[in-house]
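What follows is the residue order along each chain.
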Amino acid sequence: METNNILEKIKAAGLVGRGGAEFPTALKWEMVKKAKGEKKYVICNASEGELGLFKDLFILKNHTEQVFEGMIIAMDFLETKEAYFNINRDYYEELRESIDGLIGKYAKDGYRFTVFQEHPSYAGGEETVLLNAIEGKRIQPRLKPPYPSDAGLYGMPTLIHNVETLYNVTDVRNGKFEDRRFYCISGPVDHEGVYHLPASFTIQKVLKETKNIPDFPFFAQIGGSASGVVYNKDQLGDHKVSGAGSIEIYREDILPKEILMKWFTFYMNESCGKCTPCREGSYQLHHMTKDAKEIPWDGIFEIVEAMEETSFCALGKSVGIPVRSYFENVLHMKP
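First things first, this report covers the structure right here in the doc. (Residues numbered from 1 in each chain as written. Predicted model: local features only at pLDDT ≥ 70, side-chain atom pairs only at ≥ 80, totals over all residues. Heavy atoms only, no water.)

1. What to know about the overall build of the protein chain
Put simply, the rule is: Here a helix means four or more residues in a row that DSSP labels H or I, a strand means two or more in a row labelled E, and each is numbered from the N terminus. Throughout, radius of gyration means the C-alpha value; the globule benchmark is 2.2 Å times the number of residues raised to the power 0.38. Partly exposed describes any residue whose relative accessible area lies between the buried limit of under 20% and the exposed limit of over 50%, with all areas from a 1.4 Å probe on protein chains only and scaled to the type maximum. Any pair of residues with heavy atoms lying within 4.5 Å of one another is described as a contacting pair. None of His or the chain ends enter the tally, which takes Lys and Arg as positive and Asp and Glu as negative. Note on charges: their place is set at NZ of Lys, CZ of Arg, CG of Asp or CD of Glu.
Counting its regular elements, the protein chain contains 12 helices and 9 strands. Against the 2.2 N^0.38 benchmark of 20 Å for 335 residues, the protein chain shows a C-alpha radius of gyration of 20 Å, consistent with a compact globule. Looking at the protein chain as a whole, 54% of its 335 residues qualify as buried. Long-range pairs, those at least 24 residues apart, make up 66% of the contacts in the protein chain between residues at least 6 apart in sequence. Taken together, the 40 basic and 48 acidic charged side chains of the protein chain have centroids lying 4 Å from each other.

Next up, the structure:
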């Protein structure tokens with residue numbers, strides 16, 4: 001495959017990662033290209049362990065070969081034949097035939113794909129957690145630096161992308177790229193599902209285009225239904241969809257305890273246990289809220305702030321995003 005101008009095409013397209021961080025794709029490719037190592041790896045991360053996200057499954061069901069082509073383009077650019085396909089094991093059971101068929105197809109040209117079936121987890125979206133999992137080590141994040149681009153899988157320079165980014169790489173190579181993204185829409189809406197629309201759309205416009213504006217009082221969580229920011233309905237015309245691209249609708253009359261327990265249960269279950277602030281903080285948030293007759297907001301914010309300031313990785317640091325934005329934007333209170 002032609003690789004001599006793919007980097008320039010990616011730069012011109014302004015392609016960014018769609019796993020949540022929105023890191024510039026061209027910069028990541030340059031970093032891995034320049035890094036020194038006996039070999040280099042490409043990894044597709046189809047973990048998708050956060051609440052409210054299901055676009056990877058949609059893309060892989062409908063565009064499996066395009067995702068693999070994106071991996072091949074990246075492998076050719078890095079002059080490697082080694083790749084790992086990390087996939088949510090529930091997805092793999094559903095997609096095994098198409099994935100294994102493509103692996104066999106590309107093996108004829110010397111490309112080696114290893115499928116790693118991950119138990120669905122939020123932590124699996126963190127690159128160094130994924131590397132440890134593949135290597136058979138404890139499922140915990142690594143200290144950075146070094147970054148995966150310099151010392152990733154088995155200590156070698158590693159390029160890690162999510163499913164949608166690799167889908168976009170193929171469009172860029174084929175001259176078909178448009179600045180669009182996949183949106184997951186869920187909750188009490190008329191047309192729950194995945195939609196491919198311009199990235200420039202506001203949340204309000206996405207809901208309007210998909211005929212998903214509720215006819216009842218509501219608010220929405222954006223970017224992921226655990227760590228995503230919460231907006232009231234009057235704010236949706238002022239913001240675009242961020243993070244991993246999800247919109248979850250909630251009825252405005254949902255009890256605060258119900259939504260807090262949804263988040264805190266998720267964080268408690270997903271904490272890897274590596275650091276005390278996240279391990280103990282998520283546990284305390286869950287239990288103090290579960291057992292309370294009235295929401296202990298002061299205690300919640302005290303723990304949240306400690307987790308934000310001292311947690312080792314983004315999981316513990318992100319818990320304040322939904323809690324604080326819900327408190328301010330929906331309950332219209334100040335911490």
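Read on, since the account is not over.
2. A look at the sheet that holds strand 1 (residues 41-46)
Our working rule: When DSSP locates at least two bridges between a pair of strands, those strands are taken to pair. Between N-to-C directions, angles span 0 to 180 degrees; the directions come from axes that are lines fitted to C-alpha atoms, helices contributing only their stretch in contact.
Read across the sheet, 4 strands follow the order 3-2-1-4 without closing on themselves; strand pairing throughout is parallel. Because the sheet does not close on itself, it has two edges, and the strands there are strand 3 (112-118) and strand 4 (158-162). Taking each pair of neighbouring strands and ignoring which way they run, the sheet shows an average axis angle of 20°.

3. Structural notes on a negative patch on the surface
Quick note on the threshold: Within the patch definition used here, like charges are joined within 9 Å and nonpolar side chains (Val, Leu, Ile, Met, Phe, Trp, Tyr) within 5 Å, considering only residues with over 30% relative accessible area and no salt bridge. Computed with a 1.4 Å probe, the accessible areas rest on the Shrake-Rupley method; for each residue, only the protein chains presented here act as cover. Salt bridges are defined as contacts in which a side-chain nitrogen from Lys or Arg sits within 4 Å of a carboxyl oxygen from Asp or Glu.
A contiguous patch of negative charge on the surface is contributed by Asp298, Glu302, Glu305 and Glu309. Tracing the backbone through its elements, the reader meets Glu309 in helix 10 (residues 297-310). Glu309 gets classed as exposed once you look at its relative accessible area, which sits at 65%.

4. Focus on the packing of aromatic side chains
Put simply, the test is: Aromatic rings from Phe, Tyr and Trp, with only the six-membered ring used for Trp, were paired whenever their centres fell within 6.5 Å, and each pair was classed as stacked if the ring planes differed by under 30 degrees, edge-to-face if by over 60, and tilted otherwise. Cation placement over rings: the criterion is NZ of Lys or CZ of Arg within 6 Å of the ring centroid and within 35° of the ring normal.
Enumeration over the complete set of coordinates arrives at 16 aromatic pairs. With 5.2 Å between their ring centres and 40° between their planes, Trp29 and Phe77 make a pair best called tilted. In this pair, Trp29 is assigned in helix 2 (residues 25-34) and Phe77 in helix 3 (residues 55-78), connecting sequence segments 48 residues apart. Grouping aromatic residues by their ring pairs yields a cluster made of Phe68, Phe85, Tyr106, Tyr111 and Phe113. The side chain of Arg181 reaches across the aromatic face of Tyr183, ending 6.0 Å from its centre. For the cation-ring pair, Lys274 lies above Phe312, with the distance from its terminal atom to the ring centre recorded as 4.9 Å.

5. Here we look at the sheet that holds strand 7 (residues 218-222)
If you walk across this open sheet you meet the 5 strands as 6-5-9-7-8, and the pairing is mixed. Strands with a single pairing partner mark the edges of an open sheet, and in this sheet they are strand 6 (193-198) and strand 8 (229-232). Within the sheet, the average angular offset between the axes of one strand and its neighbour, ignoring direction, is 30°. In the sheet, strand 7 pairs with strand 9 (residues 246-251) via 5 bridges, with the strands oriented antiparallel. Bridge assignment links Ile222 to a residue of strand 9, and that residue is Ile247.

6. Brief notes about the packing of helix 3 against helix 4 (residues 89-107)
To keep it simple, the criterion reads: What sets the label is the angle itself: under 35 degrees gives roughly parallel, over 145 gives roughly antiparallel, 65 to 115 gives roughly perpendicular, and the rest give oblique. We call a crossing left-handed when the near helix sits turned anticlockwise from the far one by less than a right angle, and right-handed when that turn is clockwise. Classification convention: Asp, Glu, Lys, Arg as charged; Ala, Val, Leu, Ile, Met, Phe, Trp, Tyr, Cys, Pro as nonpolar; all other residues, Gly among them, as polar.
Two numbers describe how helix 3 lies on helix 4: the axes approach to 11 Å, and their chain directions differ by 20°. On the basis of the axis angle, helix 3 is roughly parallel to helix 4. Between helix 3 and helix 4 lies a crossing whose hand is right-handed. Listed contacts from helix 4 to Asp56, Leu57, Leu60, Lys61, Thr64, Glu65, Phe68, Glu69 and Ile72 of helix 3 are Tyr91, Glu94, Leu95, Ser98, Ile99, Leu102, Ile103, Lys105 and Tyr106. Of the residues in the contact of helix 3 with helix 4, the class split is 10 nonpolar, 2 polar and 6 charged.

7. Brief notes about helix 4
Residue pairs spaced three or four apart in an α-helix point in one direction, given the helix's 3.6 residues per turn. This is how the line gets drawn: Expected helix span is computed as 1.5 Å times (number of residues minus one). We define the bend at each residue as the angle formed by axes fitted to the 7 residues ending at it and the 7 residues starting at it. Under the rule applied, a polar contact is a pair of N or O atoms within 3.5 Å (in protein, one hydrogen donor and one hydrogen acceptor; residues adjacent in sequence only if both atoms are side-chain atoms).
With 19 residues, helix 4 should reach 27 Å at 1.5 Å per residue; the first-to-last C-alpha distance of 22 Å falls well below that figure. Of all the bends found along helix 4, the most pronounced is centred on Leu95 and spans about 80°. Looking at the buried positions of helix 4, the neighbouring elements they touch are strand 1, helix 3, strand 2 (82-88) and strand 3. The N-terminus of helix 4 is capped by Asn88, whose side-chain oxygen sits 2.9 Å from the backbone nitrogen of Asp90.

8. Describing the side chain of His286
Position of His286 among the secondary structure elements: in helix 9 (residues 276-290). Owing to a relative accessible area of 7%, His286 belongs among the buried residues under this scheme. A polar side-chain atom of His286 sits 3.4 Å from a polar atom in the side chain of Thr265. For His286, the contacting residues outside a window of four places in its chain are Met261, Phe264, Thr265 and Met268.

9. Thoughts on the side chain of Asn162
Here Asn162 is to be found in strand 4. You can call Asn162 buried: its relative accessible area is 11%. Reaching out from Asn162, the side chain makes a polar contact with the side chain of Thr165 at a distance of 2.6 Å. When residues no more than four places from it in sequence are discounted, the contact partners of Asn162 are Arg18, Gly19, Asn45, Lys55 and Asp56.

10. Quick word on a nonpolar patch on the surface
Where nonpolar side chains cluster on the molecular surface, the patch consists of Phe23, Leu27 and Met31 and spans about 230 Å² of accessible area. Take Leu27: it is sitting in helix 2.

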